Structures are given as C-alpha cells and as structure tokens.
Amino acid sequence: MLCPTAYHAAAAAAAAAVVASRWVPVAERSRSLSLVYSGMFIGSIAGLAVSPALISALGWPSVFYIFGCLGLAWYSMWSSKAASTPSDDPVISNAEKAYILANTSVSGKSTRSIPWRLLLSRKEVWAIILCHFCHNWGTFILLTWMPTYYNQVLGCDIFKSGIFSVLPWMTMAISANVGGWIADTLVQRGTSVTAVRKIMQTLGFLGPAFCLTQLQHVHTLPAAVACMMGAQGFDAFSQSGLYSNHQDIGPRYAGVLLGLSNTAGVLAGVLGSLATGYLLAHGTWADVWRVAVILYLVGTVIWNLFATGERIFD
C-alpha cells in the first residue's frame, strides 16, 4: 500500500512541475508554485486534524474511504477542466493564451526521448540534485522527529507534542506564499532570475541552519516551538529557489528534472531518519542538529557556485 501511495505522490509533484512550466509565466512562477506546494502543507494540517475524529466516530477504514473519495472527486473535476497547454484549452480567451505563450519558454517541440546523458552532464542539474538532498535531510528530520524531540528533551507528552508539531506546517504554508510574492516582485523589478533563485534558496538554507543552532540553547517549550517554526518558515523559501529552478533551466524536462532531484530528496529523508536514530542511540540531539546544519551550509555553497536561473536546455 505504501509503495503505490509514494509512487502517485512522486508523480503528482512531477506533473505539477510540467504544468507550471507550460502555464505559468516566469514572473509569476514563484507565487504559483508556492501556492501549489503550500497545498501539501495545508492538506497535512487538515489530515492530521480530521483523522482522529474520523477514526473515533467511524473507525480507521473511514480515513482511507473518505480521503479516497475526495481524491476521486478531484480527479473528476481535473480531467474535465484541465488542459496540458494553453493551446489545448478550449475555454481560455485569446488574450490570456497569447500572454501565457509569450511569457513562457516551452518550445512547441514534442519530447520523444529524454537526453539523460545531456541532463546529467550539466553542473546546474547536479546543483539542484545535491541541494535537494541537503534541503530534505533537515526538512524530514524536523517534520518526522519533532514530536520525539519535544517529548524526550522538553518532557512534553505525546498528545501535546503532536499539537505543537502542526504549527511549523502552518508556518510553512504562510511563509511559502510570502517568499513567492517576494521572489516574483524582485523578478518584475528587473532582478535576474538567477539572483532571485540564489537569494531565496540561501535564505531557505541559512535560515533553518541558524534556528537549529539556537535549539541547543533553549530549555522551554515555547522557545523550542519558536525555533522549529522559524526553521520551517525559512525552509519554505526554498519553494521560490530550488523548487522553481527545474522550470527555469529546462521547461521541457521540468518533470524529469524534478524526478531526479526528488529521488535525491527522498533518499535524504530515508538516510536522515536512519542517521538520526543512530546518533540518538550513540550521541545527543546536538549531534543531530549539527549534521543538518553542516548539510545546509554545504548546500548553500553548492547552490551559489553552480545554480542558474537561465534556460540551458532547449
């Protein structure tokens, strides 16, 4: 059951990247992608909030039936309303179609084969892949180990730990859209896309790194929650950096590029969780945060040296 779920989640992210590359003008890309990805944060909050009540009232199978039915309802609407490109949409106005086509960079050529060797030969692609790994290492640790940290270090019971663990998701949903607005405003005012992507991702790396270093010095629950919220709030700026960059450098291959980098990101989540368990068994939470901070700093250097916002694939 977990494998098909993970497969469809990965496919959804890649599909969203492709749709965004075809439909969203460059100057609106950060806002649109931030809004799309913030849906994941809001969905997680809603799911965590509603599931206990459903299980209590209707039993645990009800969660799968109800969420599954909502998915089918969404699919019905999507399949009847959505179009792959503006040119395929029968209801779009000519003015809007002309605007989108003039401000997106996807060529009219069909993608019959994927030039894997070419894609993997570019340092800009490897910058995305490696930075996705560095980013997700810290992100997955924060999201999956947060309740355990609250419980073990601060003595917070499991129920309260779960409640406080939702707050960073809320921060991410808000911060992602704020970051998207900032990024697009900079692009519209003449800042290069490359500079904007580097600024936003640097904030997305150094902000969480700073907040995690402060966790070693706090000893109260409110202070720890504030650090976690700050870390995830800055982390969400990555939606306007790393997560928008696939469409920048290769709009025709945006889905493939996201698939490549997301593979590294998922691997970071798996290895990060395993490493955290090992570090806690043989060390302290300070060791866990130290590794995440180091990877954030490594990602910052790689991103600023090799990333670009310019199109490099036709």
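Preceding this paragraph is the structure being described.
Definitions and limits used
- Residues numbered from 1 in each chain as written.
- Predicted model: local features only at pLDDT ≥ 70, side-chain atom pairs only at ≥ 80, totals over all residues.
- Heavy atoms only, no water.
- Salt bridge = Lys/Arg side-chain N within 4 Å of Asp/Glu carboxyl O.
- Helix = DSSP H or I, 4+ residues; strand = E, 2+ residues; numbered from the N terminus.
- Buried < 20%, exposed > 50% of the residue type's maximum accessible area, 1.4 Å probe, protein only.
- Phe/Tyr/Trp six-rings, centres within 6.5 Å; stacked < 30°, edge-to-face > 60°.
- Axes fitted to C-alpha atoms, helices over the stretch in contact; angles between N-to-C directions.
- Parallel < 35°, antiparallel > 145°, perpendicular 65-115°, else oblique.
- Left-handed = near helix turned anticlockwise from the far one by under 90°.
- Contact = heavy atoms within 4.5 Å.
- Nonpolar A, V, L, I, M, F, W, Y, C, P; charged D, E, K, R; others polar.
- Expected span 1.5 Å × (residues − 1).
- Polar contact = N/O pair within 3.5 Å; in protein donor to acceptor, adjacent residues only side chain to side chain.
- Core = buried A, V, L, I, M, F, W, Y, C linked by side-chain atoms within 4.5 Å.

Visitor: Sorry if this is basic, but what is going on with the pattern of salt bridges here?
Guide: Any two side chains of opposite charge can pair, so long as their charged atoms come close to each other. By the definition in use, this model includes six salt bridges. With a closest N to O distance of 2.8 Å, Arg29 and Asp248 form a salt bridge. Residue Arg29 is located in helix α2 (residues 29–58), and its partner Asp248 is located in helix α10 (residues 242–249); the two are separated by 219 residues in the primary sequence. Here Asp248 falls in the buried class, since its relative accessible area comes to 4%. With a shortest N-O distance of 2.5 Å, Arg197 and Asp248 are connected by a salt bridge. Highlighted residues: Arg197 in helix α8 (residues 193–214) and Asp248 in helix α10, separated in sequence by 51 residues. On the accessibility criterion, Arg197 (1% relative accessible area) is buried. Salt bridges linked by common partners bring Arg29, Arg197 and Asp248 together as one network.

Visitor: Looking at this structure, I do not really get the environment of Leu118. What am I missing?
Guide: Inspection of the secondary structure puts Leu118 in helix α5 (residues 116–120). On the accessibility criterion, Leu118 (42% relative accessible area) is partly exposed. Measuring from C-alpha to C-alpha, the distance between Leu118 and Phe313 comes to 8.9 Å, with 195 residues separating the pair along the chain.

Visitor: For this particular structure, what's the right way to read the packing of aromatic side chains?
Guide: Geometrically, a pair of aromatic rings is defined through the distance of the ring centres and the angle of the planes. Enumeration over the complete set of coordinates arrives at 12 aromatic pairs. Measuring from centroid to centroid gives 6.0 Å for Trp60 and Phe64, while their planes differ by 90°, and the two rings are edge-to-face. The class of Trp60 is exposed, set by a relative accessible area of 58%. Between Phe205 and Tyr296, the aromatic rings sit 6.0 Å apart at their centres with planes inclined by 50°, giving tilted as the arrangement.

Visitor: Quick question: what am I supposed to make of the packing of α10 against helix α11 (residues 254–282) here?
Guide: Between two packed helices, the angle of one axis relative to the other and the distance separating the axes together describe the packing. Taken N-terminus to C-terminus, the directions of α10 and α11 make an angle of 140°; their axes are 8 Å apart at the nearest point. Accordingly, the angle class assigned to the pair α10 and α11 is oblique. The crossing of α10 and α11 is right-handed. Across from His246, Gln247 and Ile249 in α10, the residues of α11 making contact are Ala254, Leu257, Leu258 and Ser261. Taken together, the residues that form the contact of α10 with α11 break down as four nonpolar, three polar and no charged.

Visitor: Any chance you could explain helix α12 (residues 285–306) here in plain terms?
Guide: Every α-helix winds through 3.6 residues per turn, so residues three or four apart in the chain are directed the same way. Taking 1.5 Å of rise per residue, 22 residues should cover 32 Å, and α12 covers 32 Å from first to last C-alpha, within 8% of that figure. Among the residues of α12, those classed as buried are Trp285, Ala286, Val288, Trp289, Ala292, Val293, Leu295, Tyr296, Gly299, Thr300, Ile302 and Trp303. In this structure, the buried side of α12 is in contact with α6 (123–154), α8, α9 (221–235), α10 and α11. A side-chain oxygen of the first residue of α12 lies 3.3 Å from the backbone nitrogen of Ala286; this N-cap is Thr284.

Visitor: For this particular structure, what's the right way to read the packing of α6 against α8?
Guide: Interaxial distance between α6 and α8 falls to 11 Å at its minimum, and their mutual angle equals 40°. It follows that α6 is oblique to α8 by the angle criterion. As α6 packs across α8, the resulting crossing turns out to be left-handed. Within the contact between the two elements, α6 uses Cys131, Cys134, His135 and Leu142 and α8 uses Gln201, Phe205 and Leu212. Split by residue class, the contact of α6 with α8 holds five nonpolar, two polar and no charged.

Visitor: When you look at the side chain of His135 in this model, what are you seeing that I'm missing?
Guide: With respect to the helices and strands, His135 occurs in helix α6. On the basis of relative accessibility, which here comes to 2%, the residue His135 falls in the buried class. Separated by 3.0 Å, the side chains of His135 and Asp235 make a polar contact. Among all residues touching His135, those that are not within four sequence positions of it are Gln201, Phe205, Asp235, Ser238, Leu242, Tyr243 and Tyr296.

Visitor: I'm lost on the environment of Tyr99 in this one. Help?
Guide: In this structure, Tyr99 sits in helix α4 (residues 94–103). Overall, the relative accessible area of 40% leaves Tyr99 in the partly exposed class. A sequence separation of 41 residues divides Tyr99 from Leu58, and the C-alpha atoms of the two residues are 49 Å apart. Apart from the residues lying within four places of it in its own chain, the contact partners of Tyr99 are Pro25 and Glu28.

Visitor: Would you mind showing me how to read the nonpolar core here?
Guide: When a protein is soluble and globular, its nonpolar side chains tend to lie buried together. Of all hydrophobic cores here, the largest spans 56 residues; its most connected members are Leu142, Tyr149, Tyr150, Leu212, Leu215, Met228 and Trp289. Of all elements in the fold, only α1 (2–23), α2, α6, α8, α9, α10, α11 and α12 reach the threshold of two or more residues within this core. Considering every element that reaches this core, the biggest residue donor is α6, with 14 residues. Excluding residues within four positions of it along the chain, Leu142 makes contact with Leu212, Met228, Ala231, Gln232, Trp289 and Tyr296. Judged by nonpolar contacts, the second largest core, of eight residues, contains Phe41, Trp169, Met172 and Ala176.

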